[in-house]
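Remarks on the overall topology
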Amino acid sequence: MEGAMEQGKFTFTIAGLVGLLLLASSPLGAMLGLLLAFTVAMFVAPFLWLIAGALGTDLNTIMQPTLITLGVLYGAWALAVVAMLVVAIRRDDMDRARLHAATLAFIVAAPFILWLSSEALVDAWP
C-alpha cells in the first residue's frame, strides 16, 4: 500500500525527530541555527522586500501580516492532518494512521527544532 507506514518506520521517524530536537538544543544545534539565519537572509527577506516594493511600503509594514498568514496556514495544515488521522483511526487503518501521526509529529517538532537551534546560535555567539 503506497503512502502507508509500518510500525518500524514509524518508530524510526519519531526517534529521528526526538534526535533532531536534542541536537537542536545542543551547542551543535547552533550550526543549524546559522543555516536557518542564512536561509532567511538569502531567500525569505528578498522575497518580502519585493512584495513590500510592489505594494509601495516598507518591510516592517508587511512583516507582521505575513507572519500571521503563514502561522494560520501552518495551523490549518496541522488541523487537516489531525482530521486525516481521525478518519484513519475510525477506519481502523493503522498504517495510514501512523503515517498521519508521524506527519503531525513533524509539523509540531519543526518549529521547536528551528527555535531551539536559533537559541543555541544566540548562546554560542561570542
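Attention here is on the structure that accompanies the text. Please read all numbers here as calculations on a predicted model, not as lab measurements.

1. Structural notes on helix α2 (residues 29-55)
Because an α-helix completes one turn every 3.6 residues, residues spaced three or four positions apart along the sequence face the same direction. Across its 27 residues, α2 extends 37 Å between first and last C-alpha, which sits within 8% of the 39 Å expected from 1.5 Å per residue. For α2, the principal kink sits at Val-40 and spans about 35°. For α2, the full list of buried residues reads Gly-29, Ala-30, Gly-33, Ala-45, Leu-48 and Ala-52. Its buried side turned inward, α2 meets α1 (7-24), α3 (59-90) and α4 (94-124). In the segment just after α2, Gly-56 is the residue with positive phi, at about 75°.

2. Some words on a nonpolar patch on the surface
A cluster of nonpolar residues, Leu-20, Leu-23, Leu-28 and Met-31, forms a patch on the protein surface that exposes about 380 Å² of accessible area. With respect to the secondary-structure elements, Leu-20 resides in helix α1. Judged by relative accessible area, Leu-20 falls into the partly exposed class, the value being 40%.

3. Here's the deal with the nonpolar core
Of all hydrophobic cores here, the largest spans seven residues; its members are Ala-78, Val-81, Leu-85, Ala-88, Ala-97, Leu-104 and Ile-107. Going through the elements one at a time, α3 and α4 are the ones with two or more residues in this core. Counting residues per element, this core draws most heavily on α3, at four residues. In this structure Ile-107 touches Tyr-74, Trp-77, Ala-78 and Val-81, once residues within four positions along its chain are discounted.

4. Some thoughts on unusual backbone geometry
With phi around 60°, Asp-92 is a residue other than glycine that occupies positive phi space. Looking at Asp-92, the relative accessible area reads 62%, which means it is exposed.

Conventions adopted
- Residues numbered from 1 in each chain as written.
- Predicted model: local features only at pLDDT ≥ 70, side-chain atom pairs only at ≥ 80, totals over all residues.
- Heavy atoms only, no water.
- Helix = DSSP H or I, 4+ residues; strand = E, 2+ residues; numbered from the N terminus.
- Expected span 1.5 Å × (residues − 1).
- Bend = angle between axes of the 7 residues up to and from the residue.
- Buried < 20%, exposed > 50% of the residue type's maximum accessible area, 1.4 Å probe, protein only.
- Contact = heavy atoms within 4.5 Å.
- Patch = residues over 30% accessible without salt bridge, like charges linked within 9 Å, V, L, I, M, F, W, Y side chains within 5 Å.
- Areas by Shrake-Rupley, 256 points an atom, 1.4 Å probe, with all protein chains shown as cover.
- Salt bridge = Lys/Arg side-chain N within 4 Å of Asp/Glu carboxyl O.
- Core = buried A, V, L, I, M, F, W, Y, C linked by side-chain atoms within 4.5 Å.

Read these as geometric descriptors, not functional statements.
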